[in-house]
Amino acid sequence: MEKNIKGKTEKIQRPSWDEYFMEMAHLASKRATCLRRKVGAVLVRDKRVLSTGYNGAPSKTTHCEEKGCLREKMNIPSGQRHELCRGLHAEQNAFLQAAFHGTSVKGSVLYITTQPCVICTKMIINAGVKEIIIDGEYPDELSKEFLKEAKIKVRKYKHK
């Protein structure tokens, strides 16, 4: 696309769809209240945003940045003992936000700033997400196995 400014023609650089939605996921991650990892997620269908999410404590509860991180205090490695966390993951919050507003995510694409854990992966599978675009790794091999078995397409985001 080109535009004409005062007699000069300049090429307009628009982001690709992947870049556009992944930047939204990164923007959502800036709202995260987790002390260990900031994650953002965007659910999209037909190039339209259905829902967004970031990781943090449930609404109307104290954020980890105020209360502290139990997992840190207990020296729990990343990717283990998810039940000992005050927060919800970005994907979980994106699904809950969609459900809260009555929006189906079946057939959607999930843009997420890091690979999902196995708990979120099981939700992704049952929610009917057809593809995931990730921009970071996470130490969870079982998650990768489930996604492969469920035949959900996973792509690593390619930075320009």
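Located above this text is the structure these notes cover.
Cut-offs applied
- Residue numbers run consecutively from 1 along every chain, following the written order of its sequence.
- In keeping with the predicted nature of the model, local features appear solely for residues at pLDDT of at least 70, side-chain atom pairs appear and are counted solely at 80 or more, and the whole-chain, interface and lining totals rest on all residues.
- Hydrogens and water are ignored here; the side-chain numbers use all heavy atoms of the structure.
- Partly exposed describes any residue whose relative accessible area lies between the buried limit of under 20% and the exposed limit of over 50%, with all areas from a 1.4 Å probe on protein chains only and scaled to the type maximum.
- Helical segments are the DSSP runs of H or I of at least four residues, strand segments are the runs of E of at least two, and each set is numbered from the N terminus.
- Two strands are said to pair when DSSP picks up at least two bridges between them.
- We call a crossover right-handed when, viewed with both strands directed away from the observer, the connection leading from the first strand over the helix to the second proceeds clockwise.
- Nonpolar cores are built from buried Ala, Val, Leu, Ile, Met, Phe, Trp, Tyr and Cys residues. Side-chain atoms within 4.5 Å join them into one set.
- It only takes one pair of heavy atoms within 4.5 Å for two residues to be counted as in contact.

**Q** Would you mind showing me how to read helix α4 (residues 90-100) here?
**A** What α4 keeps buried is the set A90, E91, Q92, A94, F95 and A98. Trailing α4 by a residue or two, G102 shows a phi angle of about 70°, which is positive.

**Q** Explain the pairing of strand β6 (residues 131-134) here, please?
**A** Every other side chain in a regular strand lies on the same face of the sheet, so the side chains alternate between the two faces. Side-chain alternation along β6 places E131 and I133 on one buried face and I132 and I134 on a second face that is also buried. Where strand β5 (residues 109-112) and β6 come together, four bridges link them in parallel fashion. Residue pairing across strands places V109 opposite E131, the latter belonging to β6. Once you follow β5 into helix α5 (residues 118-127) and on to β6, the crossover reads as right-handed. When β6 meets strand β7 (residues 153-156), the two strands line up parallel, connected through four bridges. The residue bridging E131 from the neighbouring strand is K153, located in β7. Crossover handedness for the path β6 to helix α6 (residues 141-149) to β7: right-handed.

**Q** Sorry if this is basic, but what is going on with the nonpolar core here?
**A** In summary, soluble globular proteins display a tendency toward joint burial of nonpolar side chains. Judged by nonpolar contacts, the single largest core of 16 residues is most densely connected at L43, L110, I112, I124, V129 and I132. Elements with a minimum of two residues in this core: β3 (40-45), α4, β5 and β6. Ranked by residues supplied to this core, first place goes to α4 with four residues. When neighbours within four sequence positions are excluded, L43 is seen to be in contact with R48, V49, L50, S51, A94, F95, V105, S108, V109, L110 and V129. Core analysis: the next-biggest nonpolar cluster, separate from the first, contains nine residues, A25, V44, V109 and Y111 among them.

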